[in-house]
Amino acid sequence: MRLPTRRARSAVLALLIGCRHPAHPPHPDPFPGIHAGVGEGLAAPLPLDPETRGASYLTAIALQLQPPWSQFLEDCRLRLLPSHPLNDLTLVASVELAIDRSGVFTIANLAASASPDFDKAVRGVLGDARLAPPPEALLGDDDRAHVRWLFARDRRQAGPATAAWIEVALPTGDVVDRLLAHGELARAARRVAQGPLDGPAAERVMVAVLREALDGANNPTRELAIAAIGRAHVTALAASVRERIHATIAAELRRAATEAAGMLGDRDAAPAILVALPGDLDEPRLAIADVIALAALGRRDAAAAAVAAALDDKDPARRLGALHAFAHAPTAALATTIAHRFERADARTRAASCTALAEQPAGGAMLARGLTDPDATVRAVCVAAVATRHPVDAGVVARLKMLAHDRDRVVRAQAVGALVALAPGSPPVLGDEDAPEVRAAFAAAHPRNADPTLRALAADRDADVRAAALGALGDRAPELAVRGAADVAPQVRLAAVAALDDDAALDRLAGDAAEEVATAAAIKLAGRRGRAATLAPTVAHVIAAAPASAARVRLALAWLLAR
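The shown structure was predicted, so the numbers you read here are calculated from the model rather than taken from an experiment.

Draft legend 1. Highlighting the overall build of the protein chain. On a plain count of helices and strands, the protein chain comes out with 28 helices and four strands. Relative to a compact globule of 563 residues, whose C-alpha radius of gyration would be 24 Å, the protein chain shows 37 Å and is clearly more extended. Projected onto its principal axes, the C-alpha coordinates of the protein chain cover approximately 120 × 50 × 35 Å. Counting only residues that meet the buried cut, the protein chain has 49% of its 563 residues in that class. Across the protein chain, contacts joining residues at least 24 apart in sequence account for 64% of those joining residues at least 6 apart. Once the 64 positive and 65 negative side-chain charges of the protein chain are each reduced to a mean point, those two points are 2 Å apart.

Draft legend 2. Structural detail: the layout of surface pockets. As a volume, the largest pocket reaches approximately 330 Å³. As for the largest pocket, its lining consists of 18 residues, and the residues nearest its centre are D507, A510, L525, H541 and L555. Of the residues that constitute the lining of the largest pocket, the class distribution is 11 nonpolar, four polar and three charged.

Draft legend 3. Geometry of the side chain of D512. Inspection of the secondary structure assignment puts D512 in the loop between α25 (503-509) and α26 (515-529). Owing to a relative accessible area of 14%, D512 belongs among the buried residues under this scheme. Side chain to side chain, D512 and R493 meet in a polar contact 2.8 Å long.

Draft legend 4. Representation of the environment of A145. Looking at the secondary structure, you find A145 in strand β3 (residues 144-152). Separated by 45 residues in sequence, A145 and D100 place their C-alpha atoms 6.4 Å apart. When near neighbours in sequence (up to four residues on either side) are disregarded, A145 contacts L97, A98, I99, P134, L138, L139, G140 and W165.

Draft legend 5. The arrangement of helix α14 (residues 332-341) in detail. Where α14 is concerned, the buried positions are A335, I338 and A339. Across the axial projection of α14, the buried residues extend over an arc of 100°, all falling on one side. Residues of α14 that are exposed and point over 90 degrees away from its buried face: A333 and H340.

Draft legend 6. Quick look at unusual backbone geometry. P391 follows H390 through a cis peptide bond whose omega is -10°. Of note, the phi angle at H233 is positive, near 55°, even though the residue is not glycine. Along the chain, H233 turns up in the loop between α7 (219-231) and α8 (238-247). Located in the positive-phi region is A548, a residue other than glycine, with phi close to 55°. You can see A548 is positioned in the loop between α27 (531-544) and α28 (550-561). Classification of A548 as partly exposed rests on a relative accessible area of 24%.

Draft legend 7. Inspection of the packing of helix α19 (residues 409-422) against helix α20 (residues 436-444) at higher detail. In contact at an axis separation of 8 Å, α19 and α20 are set at 15° when each is read in the N-to-C sense. Here α19 is positioned roughly parallel relative to α20, judged by the angle of their axes. Here the hand of the crossing between α19 and α20 comes out right-handed. Here R409, R412, A413, V416, G417 and V420 of α19 come into contact with α20, specifically with P436, E437, V438, A441 and F442. Of the residues contributing to the contact of α19 with α20, the split by class is seven nonpolar, one polar and three charged.

Draft legend 8. Up close: the confidence of the model for the protein chain. With 91% of its residues at a pLDDT of 70 or more, the protein chain has an overall mean of 88. Of the regions scoring below 50 in pLDDT, residues 14-37 engages in 36 contacts with residues more than four places distant in sequence or in other chains.

Draft legend 9. Quick peek at the pairing of strand β1 (residues 92-100). Burial within β1 is extensive, with seven of its nine residues counted as buried. Summarising the sheet, β1 and β3 pair through nine bridges and their orientation is antiparallel. What sits directly across from S94, in β3, is L150.

Draft legend 10. Layout of empty space enclosed by the protein. A full pass over the atoms with the stated rule returns two cavities of 30 Å³ or more. Computed from the structure, the second largest cavity encloses a volume of approximately 50 Å³. Residue lining of the second largest cavity: R53, L138, G140, R144, A145, H146, W165, I166, E167 and V168, and that is the complete set. The greatest single-element share of the lining of the second largest cavity, amounting to three residues, is contributed by β3.

Here is what the cut-offs are and how they apply
- Residues numbered from 1 in each chain as written.
- Predicted model: local features only at pLDDT ≥ 70, side-chain atom pairs only at ≥ 80, totals over all residues.
- Heavy atoms only, no water.
- Helix = DSSP H or I, 4+ residues; strand = E, 2+ residues; numbered from the N terminus.
- Rg over C-alpha atoms; globule rule 2.2 N^0.38 Å.
- Buried < 20%, exposed > 50% of the residue type's maximum accessible area, 1.4 Å probe, protein only.
- Contact = heavy atoms within 4.5 Å.
- Lys, Arg positive; Asp, Glu negative; His and termini not counted.
- Charge placed at Lys NZ, Arg CZ, Asp CG, Glu CD.
- 1 Å grid on protein atoms, 1.4 Å probe; cavity = no way out; pocket = protein on both sides within 12 Å on 5 of 7 lines; lining within 4 Å.
- Points joined across faces, edges and corners; volume = space filled by probe spheres on them.
- Nonpolar A, V, L, I, M, F, W, Y, C, P; charged D, E, K, R; others polar.
- Polar contact = N/O pair within 3.5 Å; in protein donor to acceptor, adjacent residues only side chain to side chain.
- Arc of directions from axis to C-beta.
- Axes fitted to C-alpha atoms, helices over the stretch in contact; angles between N-to-C directions.
- Parallel < 35°, antiparallel > 145°, perpendicular 65-115°, else oblique.
- Left-handed = near helix turned anticlockwise from the far one by under 90°.
- pLDDT = per-residue confidence, 0-100.
- Pairing = 2+ DSSP bridges.

If you want it as structure tokens, here you go:
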């Protein structure tokens, strides 16, 4: 322990400043209470309110400063005349300490007393002090904790009750950038929340949240972060997204990165996507993402050439992938070739051909033939393709009406949906109670003037039907949206989000266990309230959420999409 050293220092200091006089009998104190102490020992300093900010750390500082200071005052009382200047009960010095994160401190400012010897004693006590590192929450914008400490001759002594924190405020943007550069995302978020609102700094914090998740180890969360980067158009992370196109073997992660690159308009990503496209053709979803991104990045012709080269590939999986991708980068000559091959192709190729030529003029006759195909999958896919074409002739509509009674329930569902879209004046009548796919297709097609039917379907026993009906009704049935928000099925809760205008319900859904529901609710809530109003709660949730977590990504995305 260092206490003997402090006492020795105090005794020596007392001798140096004239404490060699013999002690005199105590004189009565005309100012009892706080000024008690010359003729009798000082009482303990006033206690610190435990609710005071940083109370435990102030107490730790006091344990370093108060004992030696008390010893100094006691030495003066015993060794000096009551009239000596050092026994003047009005003496007080105030010191501003700047304590860095390791506990090393400097005297940033000293408001001197009327006695140089008193101030010398203050510096002596501080010279022996060894402080613990301050808690992070107490650090100021300059990365140090600043506290004003009082050294008094009266009962206040050097106790913690009179200490006061000093706030050091630097420009928010500068502080945020420094903290983010050191990986202190939570502190940066907390600093932004202190205000006043600095939109660019807040945005950099949210971008850092996405970067943190992007660099994490959890692939689903990384995928979520990449999708958020594309959706919120965070061009600052374009290079990091681009790197994932060729630096990962995880197909879903690469697909997300490719889609995001297209959304970001990152033309520098096009060469990597073009290189990957031929090898991705046996993964239709990945190949489609490649082609869509290349078209968005101005490389549609190059994508079409790569797809065309694979339409005659010996590998049937690559041919199928090329057909699926063709719809997003078609060429008229190849469309005619695909249509001519339709009759001779196998069922999977025929179905893919319907998708490929859904919107191509050359595909009209082929799609009509597909409606009568012996394979149910081909019929269903061709019906879905026909539904995207406008106008269609009466013969196609007649055929769709027949397919609404097809033996295959998926075909029936597609036909019902197509009829609602293509012949809205006479939507089909539901009578297929054993096929939820049909009921859901009817609702999802948004038939006009069908609110009574949709309201009934919103209470259907099948969750997909309830979700489709709720989505079709939208804000026309707010009471059903509130009911849907409490549904056991996540797809129904998701549909309810779009129709809800109840912030309390949206708040609950923003913490939903289903990621899609929680994300949608958070985005809608932030959009309703705006960036300024949602910054503080968003930051609080970001700080509370686990680093690199899906929850953090969802919060950042919602705030970035708000205006």
